[in-house]
Structure formats: C-alpha cells, structure tokens
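# Commentary on secondary and tertiary structure
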Amino acid sequence: MAELASTSEIPKHPTKDEICQSLLAHDASTFFEGKPAVDIPRAAVLIPLFFKNEELHVLLTVRSQHLNTHGGEVAFPGGKEDETDVDIVETALREAEEEIGLPQDQVEVISKVVPSIAKYGIVVTPIVGFISEDFVPQPNPDEVECAFSVPLADFLSDENHTLQRGTWQDRPWIMHFFHHPHTTNAGKKIVTWGLTAHMAMVVASMIYKRPPNFETDKGFNWENPTKPAEETYFRFLSRNGYLEPQEGSKL
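Everything in this summary refers to the structure shown in the same document. (Residues numbered from 1 in each chain as written. Predicted model: local features only at pLDDT ≥ 70, side-chain atom pairs only at ≥ 80, totals over all residues. Heavy atoms only, no water.)

### A closer look at the overall build of the protein
Looking only at helices and strands, the protein has four helices and 11 strands in total. Scored against the burial criterion, the 251 residues of the protein give a buried share of 49%. The long-range share in the protein, meaning contacts at least 24 apart out of those at least 6 apart in sequence, stands at 65%. About 13,100 Å² of surface is accessible on the protein, with carbon and sulfur atoms providing 47% of the total. (Helix = DSSP H or I, 4+ residues; strand = E, 2+ residues; numbered from the N terminus. Buried < 20%, exposed > 50% of the residue type's maximum accessible area, 1.4 Å probe, protein only. Contact = heavy atoms within 4.5 Å. Areas by Shrake-Rupley, 256 points an atom, 1.4 Å probe, with all protein chains shown as cover.)

Okay, here's the thing in structure tokens:
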C-alpha cells in the first residue's frame, strides 16, 4: 500500500513558477527514447490548468452521451493522433480546440506527463498547459456535453472520494472515484474515475509534492511516476505480442 498523507494536511497554493518547476522535473518528453519502435495507436489529452481566486484549478469535460466509447464519462479534452499532427502536443491542442473551442495559441504548454494505457489499448500522453482563467468553454455537442472545473488539490483529498478494488492485466488495481459538486446538463451528478482520475492524481501529486490522502495501489508512485509507467508499458507490449517475453520475466 502506498504512503498516505495526513488527512489534516492542507496543501499550500504553489506559484506558477513552482508549478512549472515541479512539472518539468518529471517531464516525460523522452519516455519513448530507447524503447522498441512499435506501431501502437496513440492519443493525447490536454490537462488545462488555471488560477481561480489564487487557487489552482483544472478544466475537465463530460463526453456526449451518444458517443460509442466512454459516452457520458468525465475526460480531459483530447483524442487520437492524426497523421497530419506534427507531434503529440499538436494532437492534444487540436482536439481541445475541436472539443471546447480553446484556441491553440492560447495554451502555454508546460510539459508531457508519463503515458498511460487506455482500456482499448491506446497509449495516451497527457500534455499539461496553462490557460486563461477568463476562457469560456464552447463545447462541441458532437463530442462534449459540458465542461467544468475543480481545484486540482481535490484529486489528493479523501473528501468526496471512494475507491473500488479490482484487477487489470491480472494484477490488483484500485479504481478511484471523485464525486464533484457539479451536474451535467441533464442534471446527472458528475463523477471522475478511471484513467482520467489517475492522470489528475499524478499531476496533482507532482505539483503539490505529496501523495493522496487515500490508499493507492503499487502502480501509483508519486515520487517517481516514470517507473510504474514503464512497467505498465512493457507489460502491455509483451502481453499483446509486441515483445517476446524474456525467460523468467514477470511481465
């Protein structure tokens, strides 16, 4: 079980410079260097940060109900890489503009976060950037039902948090659920869970330099997020035939 922070501990509000330093200390721009070149579907999401009343907030969306995958779920703006994208950063920025009307030149990109493997075998790279607190999302109804924001520190708090134990890739795993004081356009309560919750927890831990106030599994390492990300990535490659497992390997 991972270390728990004191439930009475209230994270101080870091400055923008401190936030950038913390994110760059864990920048994952070189994550794929030296790793096998394999043809895996890739995607990117934008994690938009901004200050509201001097407190750091993060912008999220609720996907449209009619979408074939993850309909009605909370997500960061983003999507699959397009062959015309210059790089994975452009993927995140292009998708954010398409989904919520965020102009690409109004995002101050800070860093890449370690990639994660989505449910359908897509490698997702989070891109963290600052946006203006005055930005008003204009959701594209074909993709997004609504957008909302919460303090980033909420993803470290045990308040309004629940968890569910299960397995993934034959290993114990803890699924986290964050219950927000927001509702969708249809009046449904908004809950962030799954991969989106995990990414938010990773970024929050990087910035506030501490673990969450609740239990996490061995796949969450707030001090060195690259290590579990690499283990998950190589295990995924091996299990899906991209790599030949070595003798005695536990992948």
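### Concerning helix H4 (residues 226-239)
With 14 residues, H4 should reach 20 Å at 1.5 Å per residue; the first-to-last C-alpha distance of 20 Å fits that figure. Regarding H4, the residues found buried are Pro-228, Ala-229, Thr-232, Tyr-233, Arg-235, Phe-236, Leu-237 and Ser-238. A positive backbone phi angle near 80 degrees is found at Gly-241, which sits one or two residues after H4. (Expected span 1.5 Å × (residues − 1).)

### Here's the deal with a negative patch on the surface
On the surface, Glu-81, Asp-82, Glu-83 and Asp-87 cluster together into a negatively charged patch. Residue position: Asp-87 is located in the loop between strand S4 (78-80) and helix H2 (88-100). For Asp-87, a relative accessible area of 36% translates into the label partly exposed. (Patch = residues over 30% accessible without salt bridge, like charges linked within 9 Å, V, L, I, M, F, W, Y side chains within 5 Å. Salt bridge = Lys/Arg side-chain N within 4 Å of Asp/Glu carboxyl O. Lys, Arg positive; Asp, Glu negative; His and termini not counted. Charge placed at Lys NZ, Arg CZ, Asp CG, Glu CD.)

### Side note on the packing of aromatic side chains
According to the stated counting rule, one finds nine aromatic pairs in the structure shown. With 6.0 Å between their ring centres and 70 degrees between their planes, Tyr-233 and Phe-234 make a pair best called edge-to-face. Overall, the relative accessible area of 2% leaves Tyr-233 in the buried class. By relative accessible area, which is 27% here, Phe-234 ends up partly exposed. Aromatic rings pair up to connect Phe-31, Phe-32, Tyr-233 and Phe-234 into one cluster. Over the face of the ring belonging to Phe-32 we find Arg-42, whose NZ or CZ atom lies 4.5 Å from the ring centre. (Phe/Tyr/Trp six-rings, centres within 6.5 Å; stacked < 30°, edge-to-face > 60°. Lys NZ or Arg CZ within 6 Å of the ring centre and 35° of its normal.)

### Description of the pattern of salt bridges
All told, the structure shown has six salt bridges when counted by the stated rule. In this structure, Glu-108 and Lys-16 form a salt bridge, with 2.5 Å as the shortest nitrogen-oxygen distance. Of this pair, Glu-108 sits in strand S5 (residues 108-112) while Lys-16 sits in helix H1 (residues 16-25), and the two are 92 residues apart along the sequence. Using a relative accessible area of 38% as the deciding quantity, one classes Glu-108 as partly exposed. Notably, a salt bridge pairs Glu-95 with Arg-94, separated by 3.2 Å at the nearest N-O pair. Residue Glu-95 shares its accessibility class with Arg-94, and that shared class is buried. In this structure, a network of salt bridges that share partners links the residues Asp-85, Arg-94, Glu-95 and Glu-98.

### So, the nonpolar core
Grouped together as the largest cluster of nonpolar side chains are 53 residues, with contacts concentrated most on Leu-49, Val-58, Leu-152, Phe-155 and Ile-207. Going through the elements one at a time, H1, strand S1 (42-52), strand S2 (55-63), strand S7 (123-130), strand S8 (144-151), helix H3 (194-208) and H4 are the ones with two or more residues in this core. A per-element tally of this core places H3 first, with 10 residues. In this view, Val-58 contacts Ile-47, Pro-48, Leu-49, Phe-50, Phe-76, Phe-148, Ser-149, Val-150, Leu-152 and Phe-155; residues no more than four positions away in its chain are not counted. Core analysis: the second largest hydrophobic core is formed by 15 residues, Ala-92, Leu-93, Leu-102 and Ile-127 among them. (Core = buried A, V, L, I, M, F, W, Y, C linked by side-chain atoms within 4.5 Å.)

### Things to note about unusual backbone geometry
Backbone geometry places Glu-54, a non-glycine residue, at a positive phi of 70 degrees. The topology assignment puts Glu-54 in the loop between S1 and S2. Take Glu-54: its relative accessible area is 67%, and that puts it in the exposed class.

### So, the pairing of strand S11 (residues 189-193)
Covered by surrounding structure in S11 are Ile-190 and Thr-192 only, the residues Lys-189, Val-191 and Trp-193 on the alternate face being uncovered. In the sheet, strand S10 (residues 171-183) pairs with S11 via four bridges, with the strands oriented antiparallel. Residue pairing for S11: Thr-183 is matched across the bridge by Lys-189. Between S10 and S11, which follow one another and run antiparallel, lie five residues, and Gly-187 among them has a positive phi close to 85 degrees. (Pairing = 2+ DSSP bridges.)

By themselves, these are just geometric observations and shouldn't be taken as functional.
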